[in-house]
Structures are given as C-alpha cells and as structure tokens.
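# Close look at the chain arrangement
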Amino acid sequence: MLKISYLVSGGIITNYICSSKCRHCSYSSSPKWPDDYMTPSMADDIFSILKSLGCFSVHIGGGEPLLKPDKILDVLEVARRNNIKIEYIETNASWYRDEGSTTAVLKELKDHGVHTLLISIDPYHNEYIPFWKVKALIQACSKAKMKVFPWQIEFWNDLDAMDDRILHSFDEYTQLFGQDYPLKLLKRYGINLKGRALKTYKSMMKKQPFERILEESKPCKLLSGIYHFHVDLYGSFIPQSCPGFSIRLKELVHGADPDKYRIFNSLESIGIRGLVQLAKKEYGYIPKAEYAGKCDLCYNIRNYLVLELGLDLPDLKPEGHYKYV
Ligand code: SF4
C-alpha cells in the first residue's frame, strides 16, 4: 500500500494557469493551462485531511495564485474555518496594475489571514514580468504592512542592471553577464530540474549511457516525502520535487492501491529500473542509447505514455504537465 500517516509541511496549488511561461518552472505552468481554480469544497476536503495528518499550515502556490484574486478568497475563508494557517502566497507580481487596485487586493488578503507574500525576483520571470511591477508590489506591500519574502533577493542587482520598464530576454542577460550565465543561474537558484526546467537545461547536461543509469538505479524515496509536498486543485498529492505524478490525497491516507498507481509504485519501490521494466514489458517502450540522467529517462518514458500513447494513467496527472511544457 502507498500510505502516508502524517505530513510536516507543504503547500496547495490553487491553479496551474499562469501569466508566464518561465524556463525554470518545474510545474510547467503557462497561460495555456485550463482556467481552473481550487473550489471551496475541494479546499474544505483537503484542509480537513491535512489536519488529520498533523499539518496545520500551508503555503499557496501555482501557477500564479493571484491571477484572479477573487478566486482565492473563498479558499482562504475555508482555511480559516479549518484553522489552517497560510504561511505565505507565492506571486510573480504580474497582476499589479496600479497602487489603488493592488492595495485593495492586499487589504482583502490581510482580512483573510494572509500576512506574507513570496514575490519572485529572478531573470526567468523577468522575461515575462517587468521589474517595475515587482518593485511597485513590494512598495505597496510595505505601505499595507504585508510582509514580503523576496525570492530570491540575490538576483535583485542582476535585474536592476536592466531597464526596469521593459521585459528582458535570457539572451540579454547572457550578453551582459557572460555565456555561462544560464548554467551559473542553475546553481545560484537551486533549480529543481523537472518539467520545463529539465527541458531548458537538458542540452547542457552530461549524457549517460542507458545501461549505466540502470546500474545506478535506487528507489526514488522523495516521491513519498512529507516535508515539501503539494496538494493541487484536483485533490491530488504532488510529491516533493517530482511534479507530473499524482495520487488522490484521500486514497493515500487510507492506503492507495499500488496496482492502480503502477508507474509511481515502480519508481518509489524500485527506482528507474522498475519503471523501465514496466514500460518495456507493458507499453512497448524502446530505450535510447543515452539520456541526460535518470530523470531525463523517467520523463522520456512518461512523455511516451501520456503524449505518444495518449494513456489516461491515474499517476501521471495532470496531463497538462506533459502537454504544456
Ligand atoms: S527518476 Fe523520476 S521519480 Fe525519480 S527523481 Fe527522477 S523524475 Fe523523480
């Protein structure tokens, strides 16, 4: 049985749709996703399960959770009814239009128990959001006494070296800071190389022979990690550091059937070797000679199952993770 008896810390994903399509996004969020948001009744189910597992506070992420601020207020209300504390809401500041409308949103958030915004500051976001909006949102937060968790402050000077009124491409950053800027950024940011981040960096990663990857195969234990999990708007548990997998949270509490979640189970119990065996035997997967590591191989198989074979597998959800990368 795949079972979780307690959870320490995590977040909820209220929507996958986003104003941006950042290169480092391990969730593969973008404007192409369906315009779906977490409903109050789903939030109620999720919060009551989290409480039963000993988790009494969460952060809120996306997508861009404040894309439509109205959509989040009901979720916040349900959190309050369930005595779930909101640690912070992540935002990219794209929704900033002017001081008046922003102050009104911040006031609503504060009235609903939100006291901190995590605001994205990095060159990836700057391809889609001009820096002036980030600065203006920080200023509005300061006036409204909303705390700011700048993520990450170390990129402030990089962004500030550009004209903050307009967007800046990755090429511009590379021209200014050198050809190795994208690779340096990978380490400075601490990027999780999954989803679109893997797509962005794959060509820069060292290739490994298929057989060697199998020799080094170990169970992917983070899949059942309890420290940085997420639960999405569809009620699915999204494992720490590996988006694109999901198990219904309700089922996980009582013990999810490993025969239903075979992909997940093969990786969690055996590792990439288990997934390769399953994919070859059951789905006719033909491996290539080499990959940019085990996660590239894992994605190659998952893309084959979801996009090429068009399979509706309960553990490879949401499909948008694969479709909109
Ligand atoms: S091999 Fe797959 S399940 Fe394991 S860490 Fe990489 S992406 Fe996650």
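The following refers to the structure shown.

What counts, and at which threshold
- Residues numbered from 1 in each chain as written.
- Predicted model: local features only at pLDDT ≥ 70, side-chain atom pairs only at ≥ 80, totals over all residues.
- Heavy atoms only, no water.
- Buried < 20%, exposed > 50% of the residue type's maximum accessible area, 1.4 Å probe, protein only.
- Helix = DSSP H or I, 4+ residues; strand = E, 2+ residues; numbered from the N terminus.
- Pairing = 2+ DSSP bridges.
- Near = heavy atom within 4 Å.
- Nonpolar A, V, L, I, M, F, W, Y, C, P; charged D, E, K, R; others polar.
- Contact = heavy atoms within 4.5 Å.
- Axes fitted to C-alpha atoms, helices over the stretch in contact; angles between N-to-C directions.
- Disulfide = S-S within 2.5 Å.
- Phe/Tyr/Trp six-rings, centres within 6.5 Å; stacked < 30°, edge-to-face > 60°.
- Expected span 1.5 Å × (residues − 1).
- Arc of directions from axis to C-beta.
- Polar contact = N/O pair within 3.5 Å; in protein donor to acceptor, adjacent residues only side chain to side chain.
- Core = buried A, V, L, I, M, F, W, Y, C linked by side-chain atoms within 4.5 Å.
- Salt bridge = Lys/Arg side-chain N within 4 Å of Asp/Glu carboxyl O.

Here we take up the pairing of strand S7 (residues 229-232). Burial along S7 is two-sided: the face carrying Phe229 and Val231 and the face carrying His230 and Asp232 are both buried. In the sheet, strand S1 (residues 10-13) pairs with S7 via four bridges, with the strands oriented parallel. Directly across from Gly11, in S7, lies its bridge partner His230. Pairing between S7 and strand S8 (residues 236-238): two bridges, direction antiparallel. Within S8, the residue paired with Val231 across the bridge is Phe237.

So, on to the site of the ligand. Taken together, Lys194, Cys220, Leu223, Cys242, Phe245, Leu267, Lys294, Cys295, Cys298 and Arg302 make up the full set of residues near the ligand. Broken down by element, the shell around the ligand gets its largest block of residues, four residues, from helix H13 (residues 294-308). Tallied by class, the residues present in the shell around the ligand amount to seven nonpolar, no polar and three charged.

The next point concerns the sheet that holds S7. Here eight strands make up an open sheet; going across it, the order is S5-S4-S3-S2-S1-S7-S8-S9 and the pairing mixed. A strand with exactly one partner marks an edge of an open sheet, and here the two such strands are strand S5 (147-151) and strand S9 (247-248). Of the strand pairs in this sheet, S1 and strand S2 (residues 57-61) are connected by four bridges, and their pairing is parallel. Following the sheet pairing, Ile12 is matched in S2 by Ile60. Packing of helix H1 (residues 40-52) onto the sheet brings it into contact with S1, S2 and S7, and relative to S7 it is tilted by some 150°.

Orientation of helix H11 (residues 262-269) relative to helix H12 (residues 272-283), taken along the N-to-C sense of each, is 145°, at an axis distance of 6 Å. Mapping the contact onto sequence places Arg262, Ile263, Ser266 and Leu267 in H11 and Ile272, Gly274, Leu275, Leu278, Glu282 and Tyr283 in H12. Considered class by class, the residues forming the contact of H11 with H12 number six nonpolar, two polar and two charged.

Moving on, we come to the state of the cysteines. Considering all chains together, one arrives at zero disulfides under this definition. We note that Cys55 lacks a disulfide partner, and the nearest cysteine sulfur, in Cys242, lies 20 Å from it.

This brings us to the packing of aromatic side chains. On inspection of all chains with the given rule, the structure shows 18 aromatic pairs. With a centroid separation of 6.0 Å and an interplanar angle of 20°, the aromatic rings of Phe155 and Tyr189 are classed as stacked. One end of the pair, Phe155, is in the loop between S5 and helix H5 (156-160); the other, Tyr189, is in helix H7 (residues 181-189), and 34 residues separate them in sequence. According to the relative accessible area criterion, Tyr189 is buried, its value standing at 16%. Residues Tyr173 and Tyr181 carry aromatic rings whose centres are separated by 5.8 Å and whose planes lie at 10° to one another, so their mutual orientation is stacked. Of the two residues, Tyr173 and Tyr181, both sit in the buried class.

Helix length check: helix H3 (residues 99-111), at 13 residues, gives a terminal C-alpha distance of 18 Å against a target of 18 Å (1.5 Å per residue), a fit within 8%. Within the span of H3, buried status applies to Thr102, Val105, Leu106 and Leu109. Projected down its long axis, H3 shows its buried positions confined to an angular sector of 100°, all on one face. Facing away from the buried side of H3 by more than 90 degrees, the exposed set consists of Gly100 and Lys107. With a side-chain oxygen lying 3.2 Å from the backbone nitrogen of Gly100, the N-terminal cap of H3 falls on Asp98. Two residues or fewer after H3 comes Gly113, characterised by a positive phi angle close to 90°.

Grouped together as the largest cluster of nonpolar side chains are 107 residues, with contacts concentrated most on Phe47, Leu50, Leu109, Leu117, Ile263 and Leu297. Apart from residues lying up to four places away in sequence, Leu297 is in contact with Phe210, Ile213, Leu214, Ile272, Val276, Tyr285 and Tyr291.

Once that is clear, we can look at the pattern of salt bridges. Applying the stated rule across the entire model yields 19 salt bridges. Note that Asp164 is salt-bridged to Lys135, the shortest N-O span being 2.8 Å. Taken together, the positions of Asp164 in the loop between H5 and helix H6 (170-177) and Lys135 in helix H4 (residues 131-144) put the pair 29 residues apart, joining distant regions of the chain. Exposure remark for Lys135: the relative accessible area of 25% places this residue in the partly exposed category. Linking Glu154 and Arg188 is a salt bridge whose minimum nitrogen-to-oxygen distance equals 2.7 Å. Placement of the pair is Glu154 in the loop between S5 and H5 and Arg188 in helix H7, with a sequence separation of 34 residues. By relative accessible area, Glu154 is classed as partly exposed at 41%. Given a relative accessible area of 29%, Arg188 falls into the partly exposed group. Look at the salt bridges and you will find they share partners, linking Lys135, Asp160 and Asp164 into a network.

Just distances and angles here, no functional claims.
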